[in-house]
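A look at the structure
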Amino acid sequence: MLDKEILNLKEQIKNEKSPLKKVELLLELARRYELCSPEEAKRHATQALAIAKENQATIVTGMILNYLGRIYYHEGRIEDAIEYSEKALKTTEITKDKSIQANAHGNIGLCLEQKGEIDQAIGHYEKSIDLLLEIGDENRISRTYNNLGNAFWDKGDLEKALEYHQKSLALKEKLQDSRGISVAQNNLGLIHEDLGDLEKAIECFYRSLVEKEKCNDQIGIPRCYNNIGEIYLKRGRIDKAIQLFEQAVKAAEDANVLAMKAEACGNLGNAYFLSGDYIRGMNYYIEDMNLSLEINDKFELSEVYWRTGELLLVTKEEHEAFNFIQKAVALSSEIGAKKNEASAQRILGKYYAILNEPVKARTAFEQGIQILEGMSKCYELGKIYFDYGSYLTDTGVRDTALRYLREASMIFRKLEIVNESETVERLLFQLELERDRRVVLIRSLSSLTSHLLPVSELAPKCLKLLQAAVFFDAGAFFLFETKPFVLGNITQEQALEVCKRGELELTPLSVNVPLRLTGHELGVLYLRWKSEPPFNLNPALFESIGNILSLALEHTRARISIKPEVPKLVTTKPTYHFDCIVGDCPKMLEIYDTISRVAPTKACVLLRGESGTGKEIIAKTIHSQSQRVQAPFVTINCAAIPEALLESELFGVERGTATGVGARIGKFEQAQGGTVFLDEIGDMNLTLQSKILRVLQEKKFERVGGRKTIEADVRIIAATNKNLEQEISQGNFREDLFYRLNVITMNLPLLRERKEDIPQLVTHFTQKYNEEMGHSIKGITPEAMDLLLAYSWPGNIRELENTLERAVILAKHEYITPADLPPTLTKPPIKETKPIYNKTQLKEAKAKVPKEARASLEKDFILQLLIRYNWNISRAVKTSGISRSQFYRLLAKYNIKKTIESDGLS
């Protein structure tokens, strides 16, 4: 049986004598059917149209024609949609009804944009805006501004797109429309990303996230985490990106939104791929693929296919890679996904390069370039330019290679993609160095400093660039009142002794370059050679270097003109100076004392504590204070790598162990003379534990498949969040290894056990993200600090850092307020409930709540199913266990309709 309300409407229509009232009822009936049965909706609307025409109700006729045009648009019948909207316009030749005209122009604009006729679409949107401004309908104006912004974005006019999305946002804020604000902020983030303003993009995505949290937009929240994670990935902050993608996966799982989960898995796989963890990268790609196939998301499939092909190329599985690349090319071409098609052609070019088929390789690269060159200078185009330029360099086509690499460099610099920019500059540097060392060095240094990096990133990158150019043996980048950044055979203490204030000073084996601007001394750059350099030290060259670095430092300082001010604890406790460790509570003072005593020794150290307490930072600090500071610090997460691969990661592989396998050194060889940090050692299997024990006892090991014994001159620092004594009693951990590792144990306190350190940590993280984001937040209000002190911090310091990073980005005033903090800190915890997906679960849940709450439960039941299956009604009905007619009845009863306005640019 049909819903009673629909039956009631039909009865009213049957008995209604007034033609215009009957038209009104028919339109209401059409709207009831619109979601569940578009054909029925069109039938009733067409019936209403006939009555309106018969009675010469011209205005009503125009409204119905617009309504039918909208239905046809959502069905994908674009030409029919245009026809009905143009008929609606024709009715206004007599009535001059501006509302109907505005709707018709807006509908035609959407249709023309769908056809790719962007300029004509923009013309209709502008006519719609002019009419709506006369009417004063701000809600419709804001939606049309959004459409105009999308059209200009499609056209490649990003400045115009930005202007219209800002106008849309202003109106949404005036109307206090949280959902609309979140859409506008998301779109602004995407545009700022394309413009290369990554800091502003992050801010917009976080502001979108705040609005989505307000209106509990379960689809939009994982989308925001995905967008923010992609920005951090471009900025080279892979660990942060992984955290955000993991949050996106969890949020999508909680909301049962398969499309968002697929996208998040693909991004997580890409992040692990870029970090070198190919196994986990492939696992997430496979999950992305399975989810995309399940929901038939062709766009996501086309992306994960080329990503998988790229990973398989790196792991030397060329045949499998080619299959996935072919799928990516075919599918992305079919659906018109240009960026994915171009990326697939880029990977195809790399495939043919490996097979040494130059004609096919060049054809593939050039096809990828041709696909994207008509669009704005996007990241994907920069990647193709770089890979093609690298290939041409390898094949000796030097001049053409330089042209493409310079194009790549320009795009990466414009988009502020620091890692790729640095990589392409390094290749350009090597190619051009033979022509004019001075010119190339100055250009590369200027490119590096243009990114306005924080000093902690700028200093080491500059030293590495200079070392590649002038081959110094020891170098220091020293800003006064901070510790020197050093590279090569020099310690921080030695750098403090040799770095001199004053004028430029050159000797045959050293140079001291003052860094200053307008008479203000900023610091010193010091370089030293063991023997005479292979070229003359030119004073003019180093003066230019000093000027470039000084200007970069002044710009960085200008961005952070105000230091954060937060409550500080007065203390007379002993002070220790360790980079990146903050706090002086009694438990931390014990940690500092232990570090200072154990770091100079060779003793093993076992770090114990929950995730997020800072175990890796403590391990790095011990290494930095030891005699091994000049040697590598190598980290391996024992829980992150499958058992079958962990041994080869640790000890390496001998050539010929399996067909086609070459020799590869492991972490212990990479760390010779330095420190190996074994994180989550409690997850290591017993067989590997015995081999680690041998390294500790005999200082020897063999590669997998090898017989040659290799000496292991390494110090081991291990960490775990498990109870190893309990693991020993359960037979999961070797007791003898435990006693070997447990020479020095450090139990890191939970953040909730050291809350007196929170004000200092807030100071530290506020200053850090002020510098990174170019903000000047002074501090935090007492009310916000009270919330931080009252919270339990299950994620420990890592969670606090993420919270402060978000707060610095979102803060609209000089101080962080409660409004800038995430809902987990400002709202009481919500009791978790299990989602309801079938009629049996619904019946049980309804029995547990008051009668008046059952309708809300029933509505949520339908909505959860529709969101889970991306509004695929057939799949929702099948899962629910109720009949299709009953499902449609519930849709009509609760007036549930799919939201037309969605996130993202068209």
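Notes on the structure in this doc start here. Because the structure is predicted, anything quoted here is derived from the model rather than measured.

Definitions and limits used
Residues numbered from 1 in each chain as written. Predicted model: local features only at pLDDT ≥ 70, side-chain atom pairs only at ≥ 80, totals over all residues. Heavy atoms only, no water. Pairing = 2+ DSSP bridges. Helix = DSSP H or I, 4+ residues; strand = E, 2+ residues; numbered from the N terminus. Axes fitted to C-alpha atoms, helices over the stretch in contact; angles between N-to-C directions. Contact = heavy atoms within 4.5 Å. Salt bridge = Lys/Arg side-chain N within 4 Å of Asp/Glu carboxyl O. Buried < 20%, exposed > 50% of the residue type's maximum accessible area, 1.4 Å probe, protein only. Parallel < 35°, antiparallel > 145°, perpendicular 65-115°, else oblique. Left-handed = near helix turned anticlockwise from the far one by under 90°. Nonpolar A, V, L, I, M, F, W, Y, C, P; charged D, E, K, R; others polar. Phe/Tyr/Trp six-rings, centres within 6.5 Å; stacked < 30°, edge-to-face > 60°. Lys NZ or Arg CZ within 6 Å of the ring centre and 35° of its normal.

**Thoughts on the sheet that holds strand β3 (residues 505–507)**
One open sheet holds the 5 strands; their spatial order is β2-β1-β5-β4-β3, and the pairing between them is antiparallel. Each edge of the open sheet is held by one strand with a lone partner, namely β2 (485–488) and β3. Going from strand to strand, the sheet's axes swing by 10° on average, the running direction of each strand aside. Along the sheet, helix α24 (residues 455–470) makes contact with β1 (474–479), β2 and β5 (520–528), crossing β2 at roughly 30°.

**A look at the pattern of salt bridges**
Within this structure, the stated rule accounts for 49 salt bridges. Between Lys-234 and Glu-193 there is a salt bridge, with the nearest N and O atoms lying 2.8 Å from each other. Residue Lys-234 is found in helix α12 (residues 220–234), and its partner Glu-193 is found in helix α10 (residues 178–195); the two are separated by 41 residues along the sequence. Just as Lys-234 is buried, Glu-193 falls in that class too. Notably, a salt bridge pairs Glu-725 with Arg-608, separated by 2.8 Å at the nearest N-O pair. Here Arg-608 lies in strand β6 (residues 605–608) and Glu-725 lies in helix α32 (residues 724–729), a separation of 117 residues in the sequence. Using a relative accessible area of 14% as the deciding quantity, one classes Arg-608 as buried. One salt-bridge network, held together by shared partners, links Glu-310, Arg-346, Lys-350 and Asp-387.

**A closer look at the packing of helix α7 (residues 118–135) against helix α8 (residues 138–155)**
When two helices pack together, their arrangement is given by the angle between the helix axes and by the axis-to-axis distance. Remark: α7 packs on α8, axes separated minimally by 10 Å, with the N-to-C direction vectors making an angle of 160°. One element, α7, and the other, α8, form an angle in the roughly antiparallel class. For the pair α7 and α8, the crossing hand works out as left-handed. Of the residues in α8, those touching α7 at Ile-118, Asp-119, Ile-122, Tyr-125, Glu-126, Ser-128, Ile-129, Leu-132 and Leu-133 are Arg-140, Ile-141, Thr-144, Tyr-145, Asn-147, Leu-148, Ala-151, Phe-152, Asp-154 and Lys-155. Of the residues belonging to the contact of α7 with α8, the class tally is 11 nonpolar, 3 polar and 5 charged.

**Considerations on the sheet that holds strand β11 (residues 715–720)**
Spatially, β7-β8-β11-β6-β12 is the arrangement adopted by the 5 strands of the open sheet, whose pairing is parallel. Unpaired on one side and paired on the other, β7 (633–637) and β12 (744–747) mark the two borders of the sheet. For this sheet, the mean inter-axis angle between neighbouring strands, taken without regard to orientation, is 20°. Across 4 bridges, β6 lies against β11 in parallel orientation. From the neighbouring strand, Leu-606 faces β11, where its bridge partner is Ala-718.

**Side note on the packing of aromatic side chains**
To describe a pair of aromatic rings, one takes the distance between the centres and the angle between the planes. Inspection of the entire model under this criterion finds 20 aromatic pairs. Judged by centre distance (5.9 Å) and plane angle (10°), the rings of Tyr-272 and Tyr-284 are stacked. Placement of Tyr-272 in helix α14 (residues 258–275) and of Tyr-284 in helix α15 (residues 278–295) is noted, with a sequence separation of 12 residues between them. A residue is classified by how much of its surface remains accessible, and Tyr-272, at 5% relative accessible area, is buried. On the numbers, 4.9 Å between centres and 45° between planes, the contact of Tyr-388 with Tyr-404 is tilted. One end of the pair, Tyr-388, is in helix α20 (residues 379–394); the other, Tyr-404, is in helix α21 (residues 398–414), with 16 residues separating them in the sequence. Under the relative-accessibility criterion, Tyr-404 is labelled buried at 11%. Through a chain of ring-to-ring contacts, three or more aromatic side chains come together here, namely Phe-365, Tyr-385, Tyr-388, Tyr-391 and Tyr-404. The ring of Tyr-67 has Arg-31 lying over it, and the distance from NZ or CZ to the ring centre is 5.6 Å. Sitting above the plane of the Tyr-404 ring, Arg-403 keeps its charged end 4.5 Å from the centroid.

By themselves, these observations are geometric and do not establish any function.
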